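Observations on the three-dimensional arrangement
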Amino acid sequence: MKKISILTFIVLLLTCSCGKIDINKAKNDFENKVTKSKSYLLKGSMEIINNEDTYVYSVEASFLKDDFYKVRLINQTNNHEQVILKNAEGVYVVTPSLNKSFKFQSDWPNNSSQSYLLASLLNDIKNDEKSTIEEVDNKYVIKAGVNYPNNSELAYEKIYFDKSMNIERIEVFTSDDVVKIKVDIKSLDLKAGLDKDDFNLDDLVDQDCCNTNTCDENKTCPKVEEETGALKDIVYPLYIPNETYLTSKDVLDSEEGDRVILTYSGNKNFILVEEKATSSNEFEIIPVYGDPHLLNDSVAALQSNSISWTSNNIEYYLAGTDLSSEELLSIATSLTNADIVTNTEIEK
């Protein structure tokens, strides 16, 4: 009877151990895939979830060893396209339709988590000593902490792999287990054969081909704005810091059109500038000291006391020395919720 019990125990032990994977082995397997890739091309979709609103992007992320990155993001609601580029010259956020780019003095993407970049996901896993792995629905799921210095709400992520440790999906959660970011990977080529020419800034907007309407499939032409620069409505932020109030509204005429300046005073003083987004005749590069930051529906230029971005054909500039980065982002995010903002017609 004792022999049968021991044999049964051994069988149960072997059965329970079958199919399990150690977290350190999972880390090593994933790290080997990432570090052995000289260049990769990732394609997929991303959802940014803000309360009841969901913003969907198509994502195409390219990587080349020596720290070259190109991330193409297309908002599926309004087809607004932006490209985050890192090459030997610096970090850029390019808006092809406006023929404009921000150039950053920045450590992006190494200074925060990026749910669509493999090295960033690997760093999140390696930096979290308490990272875990479990098998769910025939998938391996690694849970690890994240690093979003400007968004303390985001606490951890779940990274889904198949049994061969091929990455399939990423979900980023709050500490209350509410998912805020979802990335579904549709294809991943770890032997993409890219070179430095694939990361040229000039190739993102080619003014000559746009003037002749002969752009090839690898280039994006700026869409020349045919309307006037008139700004029909003022968009007011849904979030304002406590004891802070709108104290003045100025509408200025310029060659480009209307420019609205809203001044808020009180506990947290700040200004908000709005004007109609128009394309530049020549490719314009605007230097900034800060980092690219993904808002709900746009990639913004976040600096220590200001943030600039384009949303729904409006260019925004928000600045306030009294505001923290999280307060800047809270105000900016509330302005991008176009579906629920009540616009007020401009009065001159």
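Look up a bit, the structure's there.
First, a word on scope: everything that follows refers to the structure included in this document. As a convention, each chain's residues are numbered from 1 in the sequence order in which they are written. Totals for whole chains, interfaces and linings use every residue, but because this is a predicted model, local features are given only for residues with pLDDT of at least 70 and side-chain atom pairs only at 80 or more, for both listing and counting. To obtain the side-chain values, all non-hydrogen atoms of the structure were used and water was disregarded.

1. Things to note about the sheet that holds strand E16 (residues 284-288)
Sheet strands pair via backbone hydrogen bonds, and the direction of the pair is either parallel or antiparallel. Note on pairing: DSSP must find at least two bridges between two strands before they are called paired. Only runs of H or I of at least four residues qualify as helices and only runs of E of at least two qualify as strands under DSSP, and these elements are numbered from the N terminus. Read from one edge to the other, the open sheet built from 12 strands follows the order E7-E8-E9-E10-E11-E1-E2-E3-E4-E5-E6-E16, with strand pairing classed as mixed. Each end of this open sheet is capped by a strand with a single partner; those strands are strand E7 (132-136) and E16. For this sheet, the mean angle separating the axes of adjacent strands, direction not counted, is 20 degrees. Note: strand E9 (residues 154-161) against strand E10 (residues 167-174), seven bridges, orientation antiparallel. Note on E10: the bridge partner recorded for lysine 158 is glutamate 171. Axis definition: a line fit to C-alpha positions, over the contact stretch in the case of helices; interaxial angles, taken between N-to-C directions, run 0 to 180 degrees.

2. Let's talk about the pairing of strand E3 (residues 68-75)
Throughout this description, buried means an accessible area under 20% of the type-specific maximum (1.4 Å probe, protein chains only), exposed means over 50%, and partly exposed covers the range between. Among the eight residues of E3, seven are classified as buried, and the element is accordingly described as predominantly covered. Both strand E2 (residues 53-64) and E3 contribute to a ladder of eight bridges, which runs antiparallel. Residue pairing for E3: tyrosine 57 is matched across the bridge by asparagine 75. What sits between the antiparallel neighbours E2 and E3 is a turn of three residues, in which aspartate 66 has the positive phi angle 90 degrees. The pairing of E3 with strand E4 (residues 81-87) spans six bridges and is classified as antiparallel. The residue of E4 that forms the bridge with lysine 70 is leucine 85. Between the end of E3 and the start of E4, which pair antiparallel, lie five residues, with asparagine 79 showing a positive phi angle near 65 degrees.

3. Quick notes on the pairing of E9
Counting buried residues in E9 gives six out of eight residues, a clear majority hidden from the surface. As paired strands, strand E8 (residues 139-145) and E9 are joined by six bridges and run antiparallel to one another. In the sheet register, glycine 145 faces E9, and the bridge partner there is tyrosine 156. In this structure, the hairpin formed by E9 and E10 is closed by a connection of five residues, where methionine 165 is found at a positive phi of approximately 60 degrees.

4. Overview of the layout of surface pockets
Of the voids in this model, the largest pocket is the one considered here, and its volume is about 860 Å³. Secondary-structure elements contributing two or more residues to the lining of the largest pocket are strand E1 (39-50), strand E11 (179-189), strand E17 (291-294) and helix H5 (325-336). Method remark: on a 1 Å grid restricted to protein atoms, a set of points is classed as a cavity if a 1.4 Å probe fits but cannot get out and as a pocket if it is open with protein on both sides within 12 Å along at least five of seven lines; lining residues have an atom within 4 Å of a point. Grid points are joined across faces, edges and corners, and a volume is the space filled by probe spheres set on the points.

5. Thoughts on the nonpolar core
In this text, buried Ala, Val, Leu, Ile, Met, Phe, Trp, Tyr and Cys residues form a nonpolar core when linked through side-chain atoms within 4.5 Å. The biggest cluster of nonpolar side chains holds 48 residues, and the ones touching the most others in it are Phe30, Met46, Val71 and Ile167. Examining the composition of this core, we find that five residues originate from one element, E2, more than from any other. It only takes one pair of heavy atoms within 4.5 Å for two residues to be counted as in contact. Setting aside anything within four residues of it in sequence, one finds valine 71 in contact with Val59, Glu60, Ala61, Gln82, Val83, Ile84, Trp108, Tyr116 and Leu117. In this structure, Val235, Leu295, Trp309 and Ala332 belong to the second largest nonpolar core, which totals 23 residues.

6. Remarks on the packing of helix H2 (residues 23-36) against helix H3 (residues 118-127)
Remark: H2 packs on H3, axes separated minimally by 10 Å, with the N-to-C direction vectors making an angle of 155 degrees. As the angle between them shows, H2 and H3 are arranged roughly antiparallel. Remark: the crossing between H2 and H3 carries left-handed chirality. Residues Lys27, Phe30, Glu31 and Val34 of H2 form the contact with H3, whose participating residues are Leu118, Ala119, Leu121, Leu122, Ile125 and Lys126. For the contact of H2 with H3, a count of residues per class yields seven nonpolar, no polar and three charged. If an angle is under 35 degrees, it is roughly parallel; if it is over 145, roughly antiparallel; if it lies from 65 to 115, roughly perpendicular; otherwise it is oblique. For any helix crossing, the convention is left-handed if the near helix is rotated counterclockwise from the far helix by under a right angle, and right-handed if that rotation is clockwise. Residue type decides the class: Asp, Glu, Lys and Arg count as charged, Ala, Val, Leu, Ile, Met, Phe, Trp, Tyr, Cys and Pro as nonpolar, and the leftover types, Gly among them, as polar.

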